[in-house]
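Below, each chain spelled out in residue letters.
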Amino acid sequence: MRVDKYLWCIRYCKTRSIATNACKKGHVKVNGQVVKPSREVYPTDKIDFRKDQINYQIVVNDLPESRVGAKLVDIYRTDVTPKEAFEAKDMLKYSKDYYRKKGVGRPTKKDRRDIDDFYDTPEEDIQI
């Protein structure tokens, strides 16, 4: 089975064209080698691919005849993605909440208060 069709069948990609584009961009590796969408996949192959800033690692158990239901996906693949990959995505999500791009305008009232609190020093700590 083609690698793009396999990723679509086991529901890692919503459409087959998304899986094909991921292969063309170099986001999919089979046994450590970047592959084209037409590369054949066999049982015991290890597939590494990048989706939503997570590097997934799966092992092919069996090849499905066609797209399978979500409950049956575990029959055809074993997910060996380390948990650190998912934790890194959560940390990235939290870091984006507090990032303000340059040139987006004046600071809001809350931003101004945060800046003032950061730069203000208590007067009793100042020695003259």
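Residues numbered from 1 in each chain as written. Predicted model: local features only at pLDDT ≥ 70, side-chain atom pairs only at ≥ 80, totals over all residues. Heavy atoms only, no water.

Asks: Could you give me a rundown of helix H2 (residues 16–24), with the residues and numbers involved?
Replies: Three or more residues of H2 are buried, namely Ala19, Thr20, Ala22 and Cys23. Seen from one end, H2 has its buried residues packed into an arc of 160°, which puts them on one side. Lining the buried residues of H2 we find helix H1 (3–9) and strand S1 (28–30). Within two residues after H2, glycine 26 carries a phi angle of roughly 90°, on the positive side. (Buried < 20%, exposed > 50% of the residue type's maximum accessible area, 1.4 Å probe, protein only. Helix = DSSP H or I, 4+ residues; strand = E, 2+ residues; numbered from the N terminus. Arc of directions from axis to C-beta. Contact = heavy atoms within 4.5 Å.)

Asks: Quick rundown of the sheet that holds strand S3 (residues 46–51)? Include the residues and the values.
Replies: What the 5 strands build is an open sheet, ordered S2-S1-S3-S4-S5; its pairing is antiparallel. Here the strands that pair on one side only, and so sit at the sheet edges, are strand S2 (33–34) and strand S5 (77–79). (Pairing = 2+ DSSP bridges.)

Asks: I'd like to hear about the packing of aromatic side chains, residue by residue, with values.
Replies: In total, this model carries 3 aromatic pairs according to the counting rule given. Each ring, one from phenylalanine 49 and one from tyrosine 56, has its centre 5.4 Å from the other, and the planes form 20°; the classification is stacked. For the pair formed by phenylalanine 49 and tyrosine 56, the shared burial category is buried. The structure contains a cluster of three or more aromatic residues connected by ring pairs, namely Tyr12, Phe49 and Tyr56. (Phe/Tyr/Trp six-rings, centres within 6.5 Å; stacked < 30°, edge-to-face > 60°.)

Asks: Tell me about the side chain of arginine 77, and please be specific about residues and values.
Replies: Tracing the chain through its elements places arginine 77 in strand S5. Accessibility expressed as a relative area gives 15% for arginine 77, which makes it buried. Within the local environment of arginine 77, its side chain forms a polar contact with the side chain of tyrosine 12, the two groups lying 3.3 Å apart. Setting aside residues up to four positions removed in sequence, arginine 77 forms contacts with Tyr6, Ile10, Tyr12, Ile58, Val59 and Asn61. (Polar contact = N/O pair within 3.5 Å; in protein donor to acceptor, adjacent residues only side chain to side chain.)

Asks: Now, about the pattern of salt bridges: what can you tell me, with residues and values included?
Replies: Summed over the entire model, instances satisfying the criterion amount to 4 salt bridges. Where arginine 16 meets aspartate 4, a salt bridge forms, and the shortest distance between an N and an O atom there is 3.8 Å. On the criterion of sequence distance, the pair formed by arginine 16 in helix H2 and aspartate 4 in helix H1 is long-range, its members being 12 residues apart. On the basis of relative accessibility, which here comes to 34%, the residue arginine 16 falls in the partly exposed class. A salt bridge links aspartate 74 to arginine 77, with the nearest nitrogen and oxygen atoms 3.1 Å apart. The class for aspartate 74 is exposed, based on a relative accessible area of 52%. Here the salt bridges share partners, and the residues they tie into one network are Arg2, Asp4 and Arg16. (Salt bridge = Lys/Arg side-chain N within 4 Å of Asp/Glu carboxyl O.)

Asks: Before we move on, can you summarise the state of the cysteines with the specific residues and values?
Replies: Enumeration over the complete set of coordinates arrives at 0 disulfides. Between cysteine 23, a free cysteine, and cysteine 13, which holds the nearest cysteine sulfur, the sulfur-to-sulfur gap is 7.7 Å. Since its relative accessible area comes to 3%, cysteine 23 is described here as buried. (Disulfide = S-S within 2.5 Å.)

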